[in-house]
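The residues making up each chain are set out below.
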Amino acid sequence: MSDVFKWQSATPKSQGMNFEKLEEQWHGLLKNNSKAYLVIRNDKIVFEKYSHGWNKNRRHSTASAAKAVVGGLSLMLAIQDGLIDIDDYACKYIPQWESDRVKSNITIRHLASHTSGLDDARDGDTPHEELAGWKGNFWRQDPVPFQIARDEAPVVFAPGTDYLYSNTGIAMLAYTVTAALGNSGYKDIRTLLWERIINPMGISRDEWSVGYGKTFELDGLKLVAAWGGGLITPGTMAKIGRLMLNKGCWEGMQLIDEAAVKRALSHSGHPFCYGMTWRINSDLKGSKLWPSLPWDSFLAIGAGGQILLVIPGRKLIVVRNGKGFDNARPKEFGDSDVDKYIGEPLMEALESAVPCPWSKKITRIEWAPASSVIRHAAGGAKRDGSDNWPMTWADDGNIYTAYGDGYGFEPSLPLKLGLGFAKISGTPADFKCENIRSSIENRGYGARGEKCSGLLMADGILYLWVRNADKNGKHSRLACSRDYSKTWEWNDWKFEQFGHILFVNYGRNYSGARDNFVYMASHDNPSAYEQASQFILMRVHKDRITDRSSYEFFVSADEKNKPLWSKEIGKRGPILEHANNCRRASISYNEGIGRYLMWQQINAAGSDTRFIGGVGIYEAPEPWGPWSTVYFFEKWDVGPGDLGCFPTKWMSDDGRTVYLAFAGNDNFCLRKAELTVNENI
């Protein structure tokens, strides 16, 4: 055994986390029956709290988290030793199932991913001890729960075709692993885990107990419950998380083969979000189970919210113990609760993940349900939808917009356009869309065709920035229209330094602007398709927008937030920095709360952001900042698209209700959001 590993403590700030956010999260958890909360980052305890009567040395029930930390770990060891394979038929180890037409088709993979079809020993919210028949007998352990699971639990769907969380299925998983141990020298899975993992990790018996403290005997096997029955201290539970985070390696000892860990945390290939007993953050379609958490997150979870959460990419381990949420009527802790009470506040506390401090002005943005998103311009059968959709509020009261690589709004155009235009009239609840045929519409698709990155109306003139001005995805150029997008005049110069220039939009026809300047921003890269590490800002008098020599570039701001400008483009400085993560964005002024709102596209590991990607929302009192984070998730619950913006026409008078127009799934999408605003700032 190696030297005993002990957790060391560090301040949240030293590990890139916000103490105030963690404290705020704990208070919310404490109000909802939580007894222990432990946050570990970079192998350091950064936050550790217990409710009255609880402490780090007191063991807590694991409930069904035991399925992963008992059933899953023992399965990995058996796989590593070549005693069992996840695609073995369970009847290889359960001879009573060999002649059963349905049960003979159940595999180890089915049992470990809750897709075996074995009925669960539950019935709604009825307490276990009050259940009748075989289900109640299973929990009363009368006579032997493994025998009940084997012989009495029916199969309710064909194995592998559906998902049903199944305690009986995990019981039979433990049965098969025990049978596979055979002459290995380990009499049961409790002994296997103790000798191969728990004792080598330096964990004492006072910190670890599993299987309800019982051993059942059936068919000559010594069986230990893996569906529940664990008593483990929070710190020890976190050590199991550390072992999994490090792919089975503990202080230089490879206690579990890395390949076995990888198999356990890879999607089972069957319905829902499971590997082998561990719940993971992706279903078969690539959708997240917990939208706020990174893709590599996985957890063990038990009744009442016994949680061991591991996020390898963030080097985070989280343990929560307690009872079900809602003091008035305690309820089960589900996946939406994981997201709401654990994931969202945890990610907010992770300062290193966001490019700027969390906002004290806008403390929350509440999105309308994903199902409420309004979608237009889908293209129809065998036709591509349309994307981009930058917007501006014109003097005639309409919103003008542009789209790329599609057929526009319904009724669709007969030809697919690389750049097209449209106007939108009405309110978010009742709006009308109309395509506009334009002199500069084109049929250059992708990076080969110019696309709109920013639109602005000022004093009755529409201004347009297009990207891909060199037809290779780089450079930007400017045009203006005096007839609402029908005809345009091009400027004879380009910005070769910037690939996606946006206009800062104010009210109708540029009313409510802070001064007589027009402000523009871009990520600091000549390509619209490549990332940068900062956003820059420039300005020009609104009467000289077409005059390149009149442009000024933001350099920096002094301690009173007074900006310094220069006409030398080489002296430009950042308004917001985000290492290798700045690309497409928009900025709109919210007059009701006196704040600028920036939408930023977060490219999730090179994914196609039409369908999978993240969103950053920031606010600032001035176009140059200082910017603060309102919302930041690397995987939004719907595809964010190539561009999004908050149309100023559709902001409520008090600024609390806003709508995001975005290009998810190559559609025109509209989603309502409510802002919680601190009146004292």
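The following paragraphs examine the structure supplied in this document. (Residues numbered from 1 in each chain as written. Predicted model: local features only at pLDDT ≥ 70, side-chain atom pairs only at ≥ 80, totals over all residues. Heavy atoms only, no water.)

**Digging into the sheet that holds strand 22 (residues 461-467)**
Strand pairing in a sheet relies on backbone hydrogen bonds. The paired strands run either parallel or antiparallel. Our working rule: Should DSSP find at least two bridges between two strands, the strands are taken to pair. Working definition: helices are DSSP H or I runs of at least four residues, strands are E runs of at least two. Numbering for both runs from the N terminus. Axes here mean lines fitted to C-alpha atoms, for a helix over just the part in contact, with angles spanning 0 to 180 degrees between N-to-C directions.
If you trace the four strands from one edge of the open sheet to the other, you get 21-22-23-24, paired in antiparallel fashion. Both outer strands of the open sheet, strand 21 (451-458) and strand 24 (489-495), are each paired with one neighbouring strand and no more. This sheet shows a mean twist of 20 degrees between the axes of neighbouring strands, independent of strand direction. Sheet analysis places strand 21 next to strand 22, joined by seven bridges and oriented antiparallel. The partner of lysine 451 across the bridge, within strand 22, is arginine 467.

**Describing the nonpolar core**
Condition: By nonpolar core we mean a set of buried residues, namely Ala, Val, Leu, Ile, Met, Phe, Trp, Tyr and Cys, connected to one another through side-chain atoms within 4.5 Å. Here the term buried applies to any residue with accessible area under 20% of the maximum for its type, exposed to any over 50%, and partly exposed to those in between, with areas from a 1.4 Å probe on protein chains only.
Counting 88 residues, the largest nonpolar core has Phe146, Ile256, Trp278 and Leu308 as the members making the most contacts within it. No other element matches the 10 residues that helix 2 (residues 66-80) contributes to this core. Residues Ala353, Val658, Cys669 and Ala673 belong to the second largest nonpolar core, which totals 51 residues.

**What about helix 8 (residues 234-245)?**
To be explicit about the condition: Multiply 1.5 Å by the residue count of a helix minus one, and that product is the helix's expected span.
With 12 residues, helix 8 extends 16 Å from end C-alpha to end C-alpha; this agrees with the ideal 16 Å at 1.5 Å per step. Backbone geometry just after helix 8 places lysine 247 at a positive phi near 60 degrees.

**So, empty space enclosed by the protein**
The criterion, for reference: Any residue with an atom within 4 Å of a point lines the site, the site being either a cavity, points on a 1 Å grid over the protein atoms alone where a 1.4 Å probe fits but cannot get out, or a pocket, an open set with protein on both sides within 12 Å along at least 5 of 7 lines. Grid points are joined across faces, edges and corners, and a volume is the space filled by probe spheres set on the points. In this classification, Asp, Glu, Lys and Arg are treated as charged, Ala, Val, Leu, Ile, Met, Phe, Trp, Tyr, Cys and Pro as nonpolar, and every other residue, Gly included, as polar.
Applying the stated criterion across every chain, the model contains five cavities of 30 Å³ or more. If you trace the largest cavity, you find 21 residues lining it, with Pro390, Met391, Asn505, Ser586 and Cys645 closest to the centre. Of the residues contributing to the lining of the largest cavity, the split by class is 13 nonpolar, seven polar and one charged. Each pocket or cavity is described by its volume, and for the second largest cavity that value is around 70 Å³.

**Some thoughts on the sheet that holds strand 18 (residues 399-404)**
In space, the four strands of this open sheet follow the order 17-18-19-20, with antiparallel pairing throughout. Each having just a single partner strand, strand 17 (387-393) and strand 20 (430-436) make up the two edges of the open sheet. Recorded for the sheet is a direction-independent mean angle of 25 degrees between the axes of neighbouring strands. Both strand 17 and strand 18 contribute to a ladder of five bridges, which runs antiparallel. In the strand pairing of strand 18, tryptophan 393 is matched with isoleucine 399.

**Quick look at the pattern of salt bridges**
Note the cut-off: The working definition used for a salt bridge is a side-chain nitrogen of Lys or Arg within 4 Å of a carboxyl oxygen of Asp or Glu.
Enumeration according to the criterion identifies 31 salt bridges in this entry. Glutamate 622 is the partner of arginine 514 in a salt bridge, and the nearest nitrogen-oxygen pair spans 2.7 Å. One end of the pair, arginine 514, is in the loop between strand 25 (502-505) and strand 26 (517-523); the other, glutamate 622, is in the loop between strand 33 (614-620) and strand 34 (628-633), and 108 residues separate them in sequence. The class for arginine 514 is partly exposed, based on a relative accessible area of 36%. Note on glutamate 622: relative accessible area 19%, which makes it buried. In this structure, the salt-bridge partner of arginine 584 is aspartate 642, at a minimum N-O distance of 3.8 Å. Taken together, the residues span a long stretch of sequence, with arginine 584 in the loop between strand 30 (574-582) and strand 31 (585-590) and aspartate 642 in the loop between strand 34 and strand 35 (644-645) at a distance of 58 residues.

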